[in-house]
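Listed below, chain by chain, are the residues.
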Amino acid sequence: MAAQKAQGSRVEDKTRVRVTQPAGRRVRRALLPSSWRLQVRATGSSGSPGSASSTPVASTSASPAPATILPPVAAPTKPPPPQHPPNPTPVVPKRPVEPASAAPSPVPLKKKALAVAAPIQLDLPRWEDATISNVFGITLKKEVAEKSSYEIVWLKGLAEELQGEGVPLQLNAGVADRTLIARLELDPHSMSDDLEFLPQTVLEYLIGCWKRLNASRAVILRKTLVPLHQQHALDTLDKVRDLIISYTGLTLQEPEMFPQPNIPGKELGAAELTFLHDIVRRFEPDNELDTVLGPVVVRLCSHESLQAGFASGDGWRGVVSGLEALISVKAIAAMITRLPEWNPDVPVPEFELKSVMGQLLRLGYSLVNGIVLTFFVHQPSISGTYFTNHETRPQGEITSAMASLRGTLKTLQASLFQIFNTLVRASPDAREAVLQYFSRAVNINRKRAGMQVDPLTVSTDCFVMNLQIILLQFCEPFMDSQYSKMDKIDPAYYAHSSRIDLSEETRINATNEEAEEWRTQNETISAPPNFISDIFYLTLAVNHIGQQKLTNNVEELMKQYDDIRRNLEILQEDQSWMGTAYQARTEAVINAGKAEKDKVYAAQLAYETQLSEPELVFRSISFANLVSTWLVRHVDPLKRHPNPAIVLPLPKDVPISFRVLPEYLVEDVIEYHLYVIRQSPKSLELSGRNEMIVWCLTWLTSTWFIKNPFLKAKIVEVLFLGTWSWGEHRSVLTTLLNTHPMALKHLMPCLMNFYVEVEQTGASSQFYDKFNSRRNIAYIFKVIWNNSPHRDALKDQAAHHSDRFVRFVNLMINDVTYLLDESLTQLSKINQIQTEMKDRTSYEAQPQQYRREREGELRTLERQASSYVQLGNSTVGLLKLFTSEVKSPFMVPEIVDRLAAMLDYNLDVLIGRSQQLKVKNPEKYKFNPRQLLGDLIDIFLNLSDQGDFARAVAGDGRSYRKELFESAAKTLRKNNLKSPDEIEKLRLFTLKVEEMKATLEAEDDLGEIPDEFLDPLMYTIMRDPVTLPTSKAVVDRATIKSHLLSDSKDPFNRTPLSLDQVEPNVELKQRIDAFLAERRNKNTALDKPAEEVVHMDVSPE
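Computed from a predicted structure; not experimentally measured.

A. Molecular detail of the packing of helix α17 (residues 428-443) against helix α21 (residues 531-545). The contact between α17 and α21 brings their axes to 10 Å, and the two run at 25°. Comparing the axis directions of α17 and α21 gives the class roughly parallel. For the pair α17 and α21, the crossing hand works out as left-handed. For the pair formed by α17 and α21, the contact residues are Arg431, Leu435, Phe438, Ser439, Ala441 and Val442 on the first element and Phe531, Asp534, Ile535, Leu538, Ala541, Val542 and Ile545 on the second. Looking at the contact of α17 with α21, its residues break down into ten nonpolar, one polar and two charged.

Here you go:
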């Protein structure tokens, strides 16, 4: 029955291989052994099986010697050779040694021609028997098996069958099929006494047969045989080879067709690559390669060692090496991309589990529920293993751990790139399949770009990050410093290709309807986009959901860490809970906070291990440079940037091809600039700074190109961070901002323009958002102020763009007014609470709920005060700088009165109410009252030579008192804040103000003023009344002009309004002028000596 079963299972020709087994159903014991440690131990190309350069690896099992060639036929003059019984190792008689001849004569001998050996005749039946026995490692004779200690397997069942059929027990090509089946059907788990244990898997056995066959073939080709015999031997070997390869294919499809031993497989070496070539030659012509090797690839790439990731040690390396060995054969590489599992249509979370490359791409670590893990939540975390207890662990140990992890990641990612690169080069169809895989991985993970993402609904960070690193390496050929291949990137790619789904993406400056219309108009092309364009845009897309998302995660972790640290400081500083019933609970909270802080910091370090890896940083900077330069060239009217550099500002007409681009192209460049400046500023020393400067100035000088105000604010933040120096890090942009020709020309005006533009962002939080941007602008101005070309640019703006400059000054004064008022008010409230808490007896007597509320209010006030004080300080400093250089814009009627009132009020608070501002640890809030007083006095001194300013100060009836200036001078002199000359200048200014005040009092004694002469907003007499076009309200020109500097709408009906739309009310002005001429009192009270008007000691302390 066994023979019948074997006979029914035979593969008679190449078309009989079964291909219907579903992939992945059984545990793989086929092409790669069960240990899954297929490793290529040598490199180099493999020749054909029969080539002289091929060196098959010898089988480890004993077998008859392959020397199966009979002795040559003797010459007729010699007796015939003796007959020997059949032996797998025939003996060739040695030639007898001739006796040495006498000494030669001195006569030179002639060289004899070499004799040509006669072809050897082969005993084909004996040779077939010996060769098939050797190749299959079997025998039909028990005595042969016993002689080899059963390393040669005795096929007892087949021998009995053949004897029953009357067939001689001699192996030949006719029974080779039955022989191989009989050997494969031996069950290693139920061996009889006559059979020993089989120490090989079926696949290992077949590969061993293949190696021994190659060795026999090499012997045949080496010998000089009778051509007919040699051809017969080679044909026989080819038939046996076909059997081996066919049954190998069958075994790969049906691993359980033949019994397998429960033993781990052995490592396979480089010689097996030739075996793969044979499999390809056998099955590819019949289109059966997919069904033969497809399941092998699927089982290999879903091996259990991949599920444990790096935590399993080096198990994943065997899978990677095995896959590299497979794809080294181009036909197999192309076959892999045809598999259904290559790009399966499955739910997003399953994509990386069920796609062929998914489990390799997800190797690394991922953030799940706030914890950095290797893969799944049950695996030990990398952060917990390498980075915990960072405060007590030696820094060198953490650095070493990061270096070790980075080395592993680099090895993995380099192998993954080589795999994908090989697949891309396998065939045009394979390249298209790889691009489709990248495209699907991007499109199904669009949710990753959102603010709040459920990690169980998207692919892991590792999967996407590894994918991005692979794509960055594909970009390297066109990321050269000269941007020589930039023009090969299709600017209309989103119209010409549908690989990337942009249906839910915000555009730079267009609606989705406009973008769809543009796509429809431009979608017709003669040829699809080139490979460079595909890779470039796919890298942009995967960067948005990959690296950019991870950098955002790092920022969030940093914020969490700071919040936890601050809360711990508050708990540890406040010892009121000591000795109370809440002590145990509070200590538990502190310990839990410390543990959480350590975990968050460890997670941050784990992310930084990948994100700050030097090669990745270099590639990311290069890619950011490429993208930023490409976008600038896109809007360059000449389309030649950076050779020559773009001319700024840009035209007002924004190209539609730029407007419809997804917003994340701009956003991701900005975000990465922010990240690399914060985390790896030294990386910009080699490249990236020049591109960063040009990038920022392009959009800040032409803000109409980008619609989103928050993106423009982040561009300012890039410049702001670029001027920072902290710790060992020098500022990365300060030198360029003071030397780059484009910066010297455009930086000052573009920052002033954006200071104005950010006033109205359209967001509900615009009132608070503007202060952050303006703080950044103020700091940049301070950094570049000492550079005369920048100050010249400021003067040019004041002289030639006075309207824009006046609006800028007006908003700056608004900010100073609000920020100083808020900061000083918050400090006053802090003073009240601290004074109350200072009396411990009285305070402890209050109810606990009351104390808890007051302590919470104090913490809130402290946070607010710190923010307001810093913003106020920066804005006052900016005002001081500007008033020292240009004065006329501050003297316009709509500015000067408000400026004087603001300065007088804050001087009154600092001098007249200084006791209310005394708080504990003022440096905690960045509050330095002396510095603030000095800055305010500097502004007074900068404008002290302006008559309009003195008049405005004198006219401030709310806050101005000469005693304030006298007290201020005393404080300045006492604390050496100002020199005697500066204090004298302040005294003279105060004297001028007093004289002006006396004059104003005399001029303004007008008596009863008709209501129609009064401004409805300021309730002051109108000097130049105008009528508003839509509301028909009559206001003073200076009033409405001041209003329009902050708000471009009619204050009465909120319709759009500009100053050139107002209509002078000539008739009313004539009546007001007549009224003033009739009522004005010409008498003045300016006859007092100067020393009696102002009392100010200017002598040194």
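B. Inspection of the confidence of the model for the protein at higher detail. Averaged over the protein, the pLDDT score is 82; the fraction of residues at 70 or greater is 82%. Across residues 366-380 the pLDDT falls below 50, and counting only partners more than four positions away or on other chains, this stretch makes 49 contacts in the model. The low-confidence segment residues 1082-1088 (pLDDT under 50) makes seven contacts with residues lying over four places distant or belonging to another chain.

C. Spotlight on the sheet that holds strand β6 (residues 1034-1036). One open sheet holds the three strands; their spatial order is β6-β5-β7, and the pairing between them is antiparallel. Both edges of this open sheet fall to β6 and β7 (1063-1064), since each of them pairs with a single strand only. Relative to β6, strand β5 (residues 1025-1027) runs antiparallel, the two sharing three bridges. If you follow Thr1027 over to β6, its bridge partner there is Val1034.

D. Focus on the nonpolar core. Core analysis: the largest hydrophobic core is formed by 286 residues, its most contacted members being Phe136, Met357, Trp699, Phe808, Phe882 and Phe949. No other element matches helix α33 (residues 802-838), which puts 14 residues into this core. Other than its neighbours up to four places away in sequence, Phe882 contacts Met748, Met752, Phe781, Trp785, Leu794, Phe805, Phe808, Met812 and Phe890.

E. Summary view of empty space enclosed by the protein. Considering all chains together, one arrives at eight cavities of 30 Å³ or more under this definition. The calculated volume of the largest cavity comes to roughly 130 Å³. Around the largest cavity sit 14 residues that line it, and Asn543, Phe623, Ala624, Asp668 and Tyr672 are the ones nearest its centre. Listed by contribution, the elements that provide at least two residues to the lining of the largest cavity are α18 (461-475), α21, α22 (547-573), α24 (614-635) and α26 (664-679). When its residues are assigned to classes, the lining of the largest cavity shows eight nonpolar, five polar and one charged.

The rules behind each value
- Residues numbered from 1 in each chain as written.
- Predicted model: local features only at pLDDT ≥ 70, side-chain atom pairs only at ≥ 80, totals over all residues.
- Heavy atoms only, no water.
- Axes fitted to C-alpha atoms, helices over the stretch in contact; angles between N-to-C directions.
- Helix = DSSP H or I, 4+ residues; strand = E, 2+ residues; numbered from the N terminus.
- Parallel < 35°, antiparallel > 145°, perpendicular 65-115°, else oblique.
- Left-handed = near helix turned anticlockwise from the far one by under 90°.
- Contact = heavy atoms within 4.5 Å.
- Nonpolar A, V, L, I, M, F, W, Y, C, P; charged D, E, K, R; others polar.
- pLDDT = per-residue confidence, 0-100.
- Pairing = 2+ DSSP bridges.
- Core = buried A, V, L, I, M, F, W, Y, C linked by side-chain atoms within 4.5 Å.
- Buried < 20%, exposed > 50% of the residue type's maximum accessible area, 1.4 Å probe, protein only.
- 1 Å grid on protein atoms, 1.4 Å probe; cavity = no way out; pocket = protein on both sides within 12 Å on 5 of 7 lines; lining within 4 Å.
- Points joined across faces, edges and corners; volume = space filled by probe spheres on them.

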